[in-house]
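# Tertiary structure, described
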Amino acid sequence: MPDLNEDAIRTPQNSADKKPHPKKIRPVSESITKYRTLRSQAEAGGPPERIEAQKKRGKLTARERIAYLLDEGSFQEVGLLVQSRCTDFGIKDKGIQGDGVVTGFGKVNGRPVAVFSQDFTQLGGSLGLAHARKIASMMDMARDAGVPVVGILDSGGARIQEGVDSLDGYGEIFYRNTQASGKIPQISVIVGPCAGGAVYSPALTDFVFMVKGISNMFVTGPEVVKAATGEEVDFETLGGSHTHASKSGVCHFVANSEPDCFRQVKELLSFLPCNSSEPAPAIETKDSHDRKVPLLEKLCEMDPRKPYRVHHIVWWLADDHKFMEVHHDYAKNIVIGFIRLGGQVVGVIANNPSHMAGALDINASDKAARFIRFLNCFNIPILTLVDVPGYWPGVAQEHGGIIRHGAKLLYAYSEATVPKVSLVLRKAYGGAYIAMSSKYLRGDFNFSLPSAEIAVMGPRGAIEILYSRQIKEAKDEERDELKARLAKEYSDKFASPYQTASTGSIDEVIEPASARATLIDAFQLLRNKKRRDSGGPGNIPL
Ligand code: HXC
């Protein structure tokens, strides 16, 4: 092979005429120089004073963010030289590089990912038509290639100077978010303002990350709120990370800093397949299959009314005690997240008795149902840890639509065809027992600890209904004793796992300390479970 040096290009090896061609060919170095100049101008981003302002707020630039996310040297940019075609308001003269967004592909821990990163230092990262088209075309490529999309958002929203074009640009993105939903994982990282209709792109994606102190999301800002309703509220209270992580449920993960945020995004990606046709990535684990879980023996001996944090049980069961919790601050009565069991990724749904006794309410139902649907889309098996006394009672819940929201959970579990394994830890009462991945919603393996109480309702409530006349007619001094005796009789008969096991609704009552091995074996067996074809979309109650 000849070297591709200047002489080799000018002088073909076999040419009889060895004289160099005069003048006609421009020196290669000139075109490369031009290319490099254009490239470095485009890569520079906004004016220095805007970059300085960005830094002063403790924020990274669009390209620094990509560097934190991707493996070193893996970024392949697409659309670096795109410019806006808008000629109004002097936009063309401003020379907005790449139209204010960096788009491309790269790798996270060796696995492919598509990324876009809005550049607040250029017209506030606002979204014009060319900016939107760059994002849209990258999303099309990501979907065709079957790779996850990470969107990094830091933007003043629709570019006011471009009028309806910029709104249409959002429409293109929302459409693609929806088309890609359930096909490739979509992750939104909010690292600045995200206002107006722009919030709906992150809301359509699977997971939203925010960073304390720099991220805001709202449909209408504090000034509009004041004008419309008279309420006075600051940016942080209205739409900061704490608000969306704990109150609205829009945000799934909160980070203390941007580097911390990108570390969390990478960790999340490590649990996810690249697309819905792939299995979730399994890894080798050194954690023993037979490792005992003494905590579950303790749980069996504990007073059944005593609260505990179910996180401890998840940690004990998981490979290397690692649990990536999702939605940590929202609807704490149910806990969701990712673990590995025997190296295989598993999604966990667990009632949490330390909050509202682990009862199901509107927010818990929404939180769990959405997560189950994500797991089902991306071939991730589901482990359900059950300790649920029922649905949270009250007028607010009924009027807020617990019937409609609770139905989502039933729907999501029934619809899910990935492997489903449940373990009843303690209480499983009434409709909530059915909802938590029970046998007749097509749980594959339904296990129980010996201490479990599975019944239509708890002993105290049940005897008040079954024996109301006897209790009323009993002498005052005998009533408590009567109630205690009736409750014990009821408990002996119903509040154990054995009646349920005798009907086959529980497959096996298991040795508590061996639960990890039992669960690993169950998921191993179900690894190649043949998934039913749902026969087209259903109509989940929303
Ligand atoms: C054009 C914008 C812009 C926008 C900011 N800029 N937002 N340019 N369109 N939407 C520009 C500013 O003019 C300024 O340009 C630079 O970005 C930085 O903005 P500052 O205001 O100096 O920054 P800051 O004080 O940090 O305030 C940030 C901000 C504020 C809170 C985002 O800029 C703001 O309120 N912007 C408007 C937000 C908004 O109402 N957007 C429309 C939302 S409605 P220079 O030239 O000085 O550097 C929407 C509809 C979507 O998005 C609908 C989808 C269906």
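Since we're looking at a predicted model, the values are computed, not measured. (Residues numbered from 1 in each chain as written. Predicted model: local features only at pLDDT ≥ 70, side-chain atom pairs only at ≥ 80, totals over all residues. Heavy atoms only, no water.)

## Overview of the site of the ligand
Close contacts around the ligand come from 20 residues, with Arg-50, Arg-57, Gly-124, Gly-156 and Ala-158 the closest. Contact between the ligand and Gly-124: an oxygen atom at 3.0 Å from a main-chain N or O atom of the residue. Backbone polar atom of Gly-156 to a nitrogen atom of the ligand: 2.6 Å apart, as the coordinates give it. Listing elements by their share of the shell around the ligand, those giving two or more residues are helix 7 (164-180) and strand 6 (193-195). (Near = heavy atom within 4 Å. Polar contact = N/O pair within 3.5 Å; in protein donor to acceptor, adjacent residues only side chain to side chain. Helix = DSSP H or I, 4+ residues; strand = E, 2+ residues; numbered from the N terminus.)

## Quick look at the state of the cysteines
For the coordinates displayed, the defined rule picks out 0 disulfides. Of all cysteine sulfurs in the structure, the one in Cys-377 sits closest to Cys-274, which takes part in no disulfide; the separation is 16 Å. For Cys-274, a relative accessible area of 6% gives the class buried. (Disulfide = S-S within 2.5 Å. Buried < 20%, exposed > 50% of the residue type's maximum accessible area, 1.4 Å probe, protein only.)

## A look at the nonpolar core
One finds Val-189, Phe-338 and Ile-349 to be the most contacted residues of the largest nonpolar core, which totals 65 residues. Of the residues forming this core, the biggest block, 7 residues, is contributed by helix 15 (residues 362-377). Counting residues in hydrophobic clusters, the runner-up holds 30 residues, among them Leu-385, Phe-447, Ala-515 and Ala-522. (Core = buried A, V, L, I, M, F, W, Y, C linked by side-chain atoms within 4.5 Å.)

## Focus: the packing of helix 4 (residues 62-69) against helix 12 (residues 258-271)
Look at helix 4 against helix 12: their axes get within 9 Å of each other, and the N-to-C directions meet at 45°. With respect to helix 12, the element helix 4 is oriented oblique. Two packed elements cross with a definite hand, and for helix 4 against helix 12 that hand is right-handed. On the side of helix 4, the interface is formed by Arg-65, Tyr-68 and Leu-69, while helix 12 contributes Glu-258, Pro-259, Phe-262, Val-265 and Lys-266. Of the residues contributing to the contact of helix 4 with helix 12, the split by class is 5 nonpolar, no polar and 3 charged. (Axes fitted to C-alpha atoms, helices over the stretch in contact; angles between N-to-C directions. Parallel < 35°, antiparallel > 145°, perpendicular 65-115°, else oblique. Left-handed = near helix turned anticlockwise from the far one by under 90°. Contact = heavy atoms within 4.5 Å. Nonpolar A, V, L, I, M, F, W, Y, C, P; charged D, E, K, R; others polar.)

## Observations regarding helix 14 (residues 310-317)
When we look at burial in helix 14, the residues that qualify are Val-310, His-311, Ile-313, Val-314 and Leu-317. On an axial view of helix 14, the arc spanned by its buried residues comes to 160°, and they lie on one face. (Arc of directions from axis to C-beta.)

## Comments concerning the pairing of strand 14 (residues 420-429)
Among the 10 residues in strand 14, 10 count as buried, and that is most of the element. Where strand 13 (residues 382-388) meets strand 14, 6 bridges bridge the pair, whose relative direction is parallel. Within the sheet, the bridge partner assigned to Thr-384 lies in strand 14 and is Ser-422. In this sheet, strand 15 (residues 445-448) lies alongside strand 14 in parallel orientation, the contact comprising 4 bridges. In the strand pairing of strand 15, Val-421 is matched with Phe-445. Handedness of the crossover joining strand 14 and strand 15 through helix 18 (residues 430-435) is recorded here as right-handed. Taken together, the 3 bridges between strand 14 and strand 16 (residues 453-455) define a ladder with parallel strand orientation. Along strand 16, the bridge assignment pairs Lys-427 with Glu-453. (Pairing = 2+ DSSP bridges. Right-handed = clockwise from strand over helix to strand, strands pointing away.)

## Remarks on the sheet that holds strand 3 (residues 111-118)
Strand pairing in a sheet is mediated by backbone hydrogen bonds. Such pairs are either parallel or antiparallel. Spatial ordering of the open sheet is given by 1-2-3-4-5-7-9, a layout of 7 strands whose pairing is mixed. Single-partner strands in this sheet number two, and they are strand 1 (76-77) and strand 9 (253-255).

## What to know about the side chain of Arg-65
Of note, Arg-65 is situated in helix 4. Overall, the relative accessible area of 0% leaves Arg-65 in the buried class. A polar atom in the side chain of Arg-65 sits 2.7 Å from the side chain of Glu-258. Not counting the four nearest positions on each side in its chain, Arg-65 is found in contact with Gln-54, Lys-59, Leu-60, Ser-117, Gln-118, Ile-152, Asp-154, Val-191, Glu-258 and Phe-262.

Honestly, it's all geometry; don't read function into it.
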